[in-house]
Amino acid sequence: MGLFLSRLLKHLWLDEGDTRRAIPPDLLERLAQRVAASEKRHSGEIRICVEAGLPLSYLWRRASPHDRAVSLFGKLRVWDTEQNNGVLIYLLLADHAIEIVADRGLARHVSPAQWQATVARMAQAFREKRYEDGLTQALEETSALLMAHFAIDGVQDPAHNPNELPDTPLLQ
């Protein structure tokens, strides 16, 4: 019970203000611009979500950060891209957790070890409170994977590569 109570308090203590301190408005804008620039080079869609703590319903059932990331993958409709090549980069501040969830179109080309290596590099940057560096590096690595498997021609009509998801990271 002690570990559960400790985790519960940590998640309830943190709020959206903590996410805004970790990802201030100027960084939010730079990340949105980087996502938009990335998506002009491939047909994939990238969403970034930073959450302070898990909702109470997730805490009561002792859900993991991975459970929450998969749920948000669906709620944010990252799975609903035309080529099934959406990627969610999820940070849970209370647990210092990082999850990357890729749709089946990209997942069939990228091994779990590749995603784990990206997460490890992000974790190192985050331990040093370098959120921008960690997110930028993860975004660049994800973009490189999407370009390797879903690159688009630079002269392609933008109508054939619609922006299917918002570029601005979601802070909760």
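The structure this text deals with has already been given above.
1. Points about the sheet that holds strand 1 (residues 45-51)
Strand pairing within a sheet occurs via backbone hydrogen bonds; the two strands may be parallel or antiparallel.
Step number 1: Read across the sheet, 4 strands follow the order 3-2-1-4 without closing on themselves; strand pairing throughout is mixed. Looking at the sheet topology across the chains shown, the edges are occupied by strand 3 (97-102) and strand 4 (170-171).
Step number 2: Alignment of strand 1 against strand 4, held across 2 bridges, turns out to be parallel. Bridged to C49 within strand 4 is L170.
Step number 3: Against the sheet, helix 5 (residues 65-75) contacts strand 1, strand 2 (86-92) and strand 3, and its axis sits at roughly 140° relative to strand 2.

2. Some details on the packing of aromatic side chains
To describe a pair of aromatic rings, one takes the distance between the centres and the angle between the planes.
Step number 1: Scanning the model with the defined rule gives 2 aromatic pairs in all.
Step number 2: With centroids separated by 5.5 Å and ring planes inclined at 35°, the aromatic side chains of F4 and W60 adopt a geometry described as tilted. Placement of the pair is F4 in helix 1 (residues 2-13) and W60 in helix 4 (residues 56-60), with a sequence separation of 56 residues.
Step number 3: F4 sits in the buried class, given a relative accessible area of 11%.
Step number 4: If you follow R62 out to its NZ or CZ, it ends over the ring of F4, 4.1 Å from the centre.
Step number 5: The ring centre of Y58 lies 4.8 Å from the NZ or CZ of R68, which sits over that ring.

3. Here's the deal with the pairing of strand 2
The two faces of the sheet receive side chains in turn, since in a regular strand these alternate between them.
Step number 1: Strand 2 sits mainly inside the fold: 7 of its 7 residues count as buried.
Step number 2: Neither face of strand 2 is open: one carries G86, L88, Y90 and L92, the other V87, I89 and L91, and all of them are buried.
Step number 3: In terms of strand pairing, strand 1 meets strand 2 through 7 bridges, oriented parallel. Paired with E45 across the bridge in strand 2 is G86.
Step number 4: Note that strand 2 and strand 3 share 6 bridges and pair antiparallel. Counterpart to L91 in the pairing with strand 3 is I98.
Step number 5: The turn linking strand 2 back onto strand 3 is made up of 4 residues, and H96 within it adopts a positive phi angle of 50°.

4. Let's talk about the nonpolar core
Step number 1: Among the nonpolar cores identified, the biggest contains 34 residues, and I23, V87, I89, L106, W115, M122 and L135 are the most heavily contacted of them.
Step number 2: Of all the secondary-structure elements, those providing two or more residues to this core are helix 3 (25-39), strand 1, strand 2, strand 3, helix 7 (112-127) and helix 8 (131-150).
Step number 3: Among the elements that take part in this core, helix 8 stands out by supplying 7 residues, more than any other.
Step number 4: In contact with I89, other than residues within four places in its own chain, are I46, R47, I48, C49, E99, I100, M122, L135, A138, L139 and T142.
Step number 5: Core analysis: the next-biggest nonpolar cluster, separate from the first, contains 18 residues, F4, L8, C49 and L72 among them.

Rules and cut-offs
- Residues numbered from 1 in each chain as written.
- Predicted model: local features only at pLDDT ≥ 70, side-chain atom pairs only at ≥ 80, totals over all residues.
- Heavy atoms only, no water.
- Pairing = 2+ DSSP bridges.
- Helix = DSSP H or I, 4+ residues; strand = E, 2+ residues; numbered from the N terminus.
- Contact = heavy atoms within 4.5 Å.
- Axes fitted to C-alpha atoms, helices over the stretch in contact; angles between N-to-C directions.
- Phe/Tyr/Trp six-rings, centres within 6.5 Å; stacked < 30°, edge-to-face > 60°.
- Buried < 20%, exposed > 50% of the residue type's maximum accessible area, 1.4 Å probe, protein only.
- Lys NZ or Arg CZ within 6 Å of the ring centre and 35° of its normal.
- Core = buried A, V, L, I, M, F, W, Y, C linked by side-chain atoms within 4.5 Å.

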